[in-house]
Amino acid sequence: MTQAQQGTKSAREALYEAMWGSPIAFAVLSVLACIKSDNDDWAFGKTLAWWMYLGGWVPLVLMCSWALARQKKPKWSTGVAGVALLVAAGTFQLALNRPAAPWH
């Protein structure tokens with residue numbers, strides 16, 4: 001894609017591409033909250049970390065649904081990175097804060 005073509009992206013297309021990467025922020029924030037709560041014995045932080053983690057799956061599911069409904073190509077590079085980080089963050093939190101999980 002040339003620079004001229006990149007400049008003609010609509011706001012909707014730019015948002016579509018950026019939303020695929022939003023789970024990355026949720027995963028990082030949930031791990032940081034998990035570490036902070038584990039170090040400081042911050043009980044609410046353990047619950048908050050789990051809800052941030054679960055919230056990271058919401059935009060990913062919505063974007064997948066939207067891509068299927070519109071028959072639009074997903075943003076694979078950021079989508080795969082988001083899923084990988086969410087899985088890693090979930091594994092990390094299970095190791096540290098399993099009793100604080102919402103389903104536990």
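It should be noted that the structure appears before, not after, this text.
Keep in mind that what you see is a predicted model, and the values were worked out from it rather than measured. (Residues numbered from 1 in each chain as written. Predicted model: local features only at pLDDT ≥ 70, side-chain atom pairs only at ≥ 80, totals over all residues. Heavy atoms only, no water.)

## Here's the deal with the overall build of the protein chain
Tallying secondary structure elements over the protein chain gives 5 helices and 0 strands in all. Moving toward the C terminus, one meets the helices and strands of the protein chain in the order α-α-α-α-α. For a compact globule of 104 residues, the expected C-alpha radius of gyration is about 13 Å, and the protein chain comes in at 16 Å, more than 25% above that figure. Taken along its principal axes, the extent of the C-alpha atoms in the protein chain is 50 × 25 × 20 Å. Across the 104 residues that make up the protein chain, the buried fraction comes to 29%. Summing over all exposed atoms, the protein chain offers an accessible surface of approximately 6,700 Å²; the carbon and sulfur share of this is 67%. (Helix = DSSP H or I, 4+ residues; strand = E, 2+ residues; numbered from the N terminus. Rg over C-alpha atoms; globule rule 2.2 N^0.38 Å. Buried < 20%, exposed > 50% of the residue type's maximum accessible area, 1.4 Å probe, protein only. Areas by Shrake-Rupley, 256 points an atom, 1.4 Å probe, with all protein chains shown as cover.)

## A short note on the nonpolar core
Within the largest apolar cluster, 11 residues are counted, these being Tyr-16, Trp-20, Ala-27, Trp-50, Tyr-53, Leu-60, Met-63, Ala-67, Leu-86, Ala-89 and Ala-101. Setting aside its immediate chain neighbours within four residues, Leu-86 contacts Pro-23, Ala-27, Tyr-53, Gly-56, Trp-57 and Leu-60. (Core = buried A, V, L, I, M, F, W, Y, C linked by side-chain atoms within 4.5 Å. Contact = heavy atoms within 4.5 Å.)

## Topic: the layout of surface pockets
Of the pockets and cavities examined, the largest pocket occupies roughly 160 Å³. Forming the boundary of the largest pocket are Glu-13, Tyr-16, Glu-17, Lys-72, Lys-73, Pro-74, Lys-75 and Trp-76. By residue number, the principal contributor to the lining of the largest pocket is helix 2 (residues 11-19), which donates 3 residues. Split into classes, the residues belonging to the lining of the largest pocket amount to 3 nonpolar, no polar and 5 charged. (1 Å grid on protein atoms, 1.4 Å probe; cavity = no way out; pocket = protein on both sides within 12 Å on 5 of 7 lines; lining within 4 Å. Points joined across faces, edges and corners; volume = space filled by probe spheres on them. Nonpolar A, V, L, I, M, F, W, Y, C, P; charged D, E, K, R; others polar.)

## Things to note about the packing of aromatic side chains
Under the counting rule described, the total for this entry stands at 4 aromatic pairs. Plain terms: the ring middles of Tyr-16 and Trp-20 are 6.1 Å apart, the flat faces sit at 85° to each other, and that makes the pair edge-to-face. With a relative accessible area of 4%, Tyr-16 lands in the buried category. Between Tyr-53 and Trp-57, the aromatic rings sit 6.4 Å apart at their centres with planes inclined by 85°, giving edge-to-face as the arrangement. Taken together, the positions of Tyr-53 and Trp-57, both in helix 4 (residues 43-70) and 4 residues apart, correspond to about one turn of that helix. A relative accessible area of 10% means that Tyr-53 is categorised as buried. By relative accessible area, Trp-57 is classed as partly exposed at 26%. (Phe/Tyr/Trp six-rings, centres within 6.5 Å; stacked < 30°, edge-to-face > 60°.)

## Let's talk about the packing of helix 4 against helix 5 (residues 76-97)
Running from N to C, helix 4 and helix 5 point in directions that differ by 160°, and their axes come no closer than 10 Å. Regarding the angle of helix 4 to helix 5, the classification is roughly antiparallel. The two elements helix 4 and helix 5 cross, and the hand of that crossing is left-handed. Side by side, helix 4 and helix 5 meet where Lys-46, Ala-49, Trp-50, Tyr-53, Gly-56, Trp-57 and Leu-60 of the first sit next to Gly-79, Val-83, Leu-86, Val-87, Ala-89, Gly-90, Gln-93, Leu-94 and Asn-97 of the second. (Axes fitted to C-alpha atoms, helices over the stretch in contact; angles between N-to-C directions. Parallel < 35°, antiparallel > 145°, perpendicular 65-115°, else oblique. Left-handed = near helix turned anticlockwise from the far one by under 90°.)

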